[in-house]
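# Observations on the model geometry
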Amino acid sequence: MAWTPKRLETPRLILQPTGEDEPSSATGAVSQERDGLPNQWRIIPKAVDRVVGIAGFIRWEPDRRCGEIGFGVVRAASGQGLMTEACRAVIDYGFAEMGLTRIEARCQLANLASARVLEKIGMTREGMVRGRVHSKAPEEDFWLYAITLGGDLR
């Protein structure tokens, strides 16, 4: 059974679930309809009304009450705090609506912008994951971040 999150709004953003209203291929996003893996949200700033990124849960383990967030933004929209605002909404949703008690994220060691977003939303760097395969790319190391229910999201 596929699971689709609800539409979210923040002061500056609309987070629209992939698969809602327009085909996911229109934004390059892939609708995920496997058991236990939620769709992601398209990030749409209210001021420009076009998709500038995507954020959501790339892994969800309901039995462990744990999920992993992933996100990406187009270069023209970076540095404006949009991803921080979107990820806060996604994390709030994970804790309140999905029953998660722990949310994790990984980022490449050199990806300082993603690391800043994770720290701004209250995640703590827990360590390094060595030699994990990322997609079909060569093995590389990642920082592992996490936040638990009750952690400071602001």
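Residues numbered from 1 in each chain as written. Predicted model: local features only at pLDDT ≥ 70, side-chain atom pairs only at ≥ 80, totals over all residues. Heavy atoms only, no water.

Volume-wise, the largest pocket comes out at about 710 Å³. As for the largest pocket, its lining consists of 29 residues, and the residues nearest its centre are Phe 71, Gly 72, Asn 111, Ala 113 and Ser 114. Here the lining of the largest pocket takes six residues from strand 5 (residues 66-73), the largest share from any one element. Of the residues in the lining of the largest pocket, the class split is 13 nonpolar, 11 polar and five charged. (1 Å grid on protein atoms, 1.4 Å probe; cavity = no way out; pocket = protein on both sides within 12 Å on 5 of 7 lines; lining within 4 Å. Points joined across faces, edges and corners; volume = space filled by probe spheres on them. Helix = DSSP H or I, 4+ residues; strand = E, 2+ residues; numbered from the N terminus. Nonpolar A, V, L, I, M, F, W, Y, C, P; charged D, E, K, R; others polar.)

Before going further, it helps to examine unusual backbone geometry. In this structure, Asp 49 takes a positive phi of about 50° despite not being glycine. Along the chain, Asp 49 turns up in the loop between strand 3 (40-45) and strand 4 (53-61). Phi at Arg 65 is positive, roughly 60°, even though this residue is not glycine. Tracing the backbone through its elements, the reader meets Arg 65 in the loop between strand 4 and strand 5.

Counting 32 residues, the largest nonpolar core has Leu 15, Phe 57, Ile 69, Ile 103, Leu 118 and Met 123 as its most contacted members. When contributions to this core are tallied by element, the ones reaching two or more residues are strand 2 (13-17), strand 3, strand 4, helix 1 (82-97), strand 6 (102-108), helix 2 (112-120) and strand 8 (139-148). The element that contributes the greatest number of residues to this core is helix 1, accounting for nine residues. In contact with Leu 15, not counting residues within four places along its chain, are Arg 7, Leu 8, Thr 10, Trp 41, Arg 42, Ala 86, Ala 89 and Val 90. (Core = buried A, V, L, I, M, F, W, Y, C linked by side-chain atoms within 4.5 Å. Buried < 20%, exposed > 50% of the residue type's maximum accessible area, 1.4 Å probe, protein only. Contact = heavy atoms within 4.5 Å.)

Further remarks concern the side chain of Thr 10. If you trace the backbone, Thr 10 turns up in the loop between strand 1 (8-9) and strand 2. Given a relative accessible area of 10%, Thr 10 falls into the buried group. Thr 10 has contacts with Leu 15, Lys 46, Glu 85 and Ala 89, leaving out every residue within four places of it along the chain.

Let us look at the pairing of strand 6. Burial of strand 6 is extensive: five of the seven residues sit out of reach of the surface. Handedness of the crossover joining strand 5 and strand 6 through helix 1 is recorded here as right-handed. Note: strand 6 against strand 8, seven bridges, orientation antiparallel. Paired with Arg 102 across the two strands is Thr 148, which belongs to strand 8. (Right-handed = clockwise from strand over helix to strand, strands pointing away. Pairing = 2+ DSSP bridges.)

Relative to the assigned elements, Ala 146 resides in strand 8. Expressed as a C-alpha distance, the spacing of Ala 146 and Glu 68, which sit 78 residues apart in the sequence, is 8.6 Å.

The next thing to look at is the environment of Gly 70. For Gly 70, the location among the structural elements is in strand 5. In this structure Gly 70 comes out as buried when scored by relative accessible area, which is 14%. Separated by 13 residues in the primary sequence, Gly 70 and Phe 57 place their C-alpha atoms 6.1 Å from one another. If we skip the residues at most four places from it in the chain, Gly 70 touches Ile 54, Ala 55, Gly 56 and Ile 58.

Attention shifts here to the pattern of salt bridges. Using the criterion set out here, one finds 11 salt bridges in the structure. Between Glu 61 and Arg 59 there is a salt bridge whose closest N-O contact spans 2.1 Å. For Arg 59, a relative accessible area of 22% corresponds to the partly exposed category. The partner of Arg 59 in a salt bridge is Glu 68, with the nearest N and O atoms 3.2 Å apart. Residues participating in the shared-partner salt-bridge network are Arg 59, Glu 61, Arg 64, Glu 68, Arg 102, Glu 104, Arg 106 and Glu 126. (Salt bridge = Lys/Arg side-chain N within 4 Å of Asp/Glu carboxyl O.)

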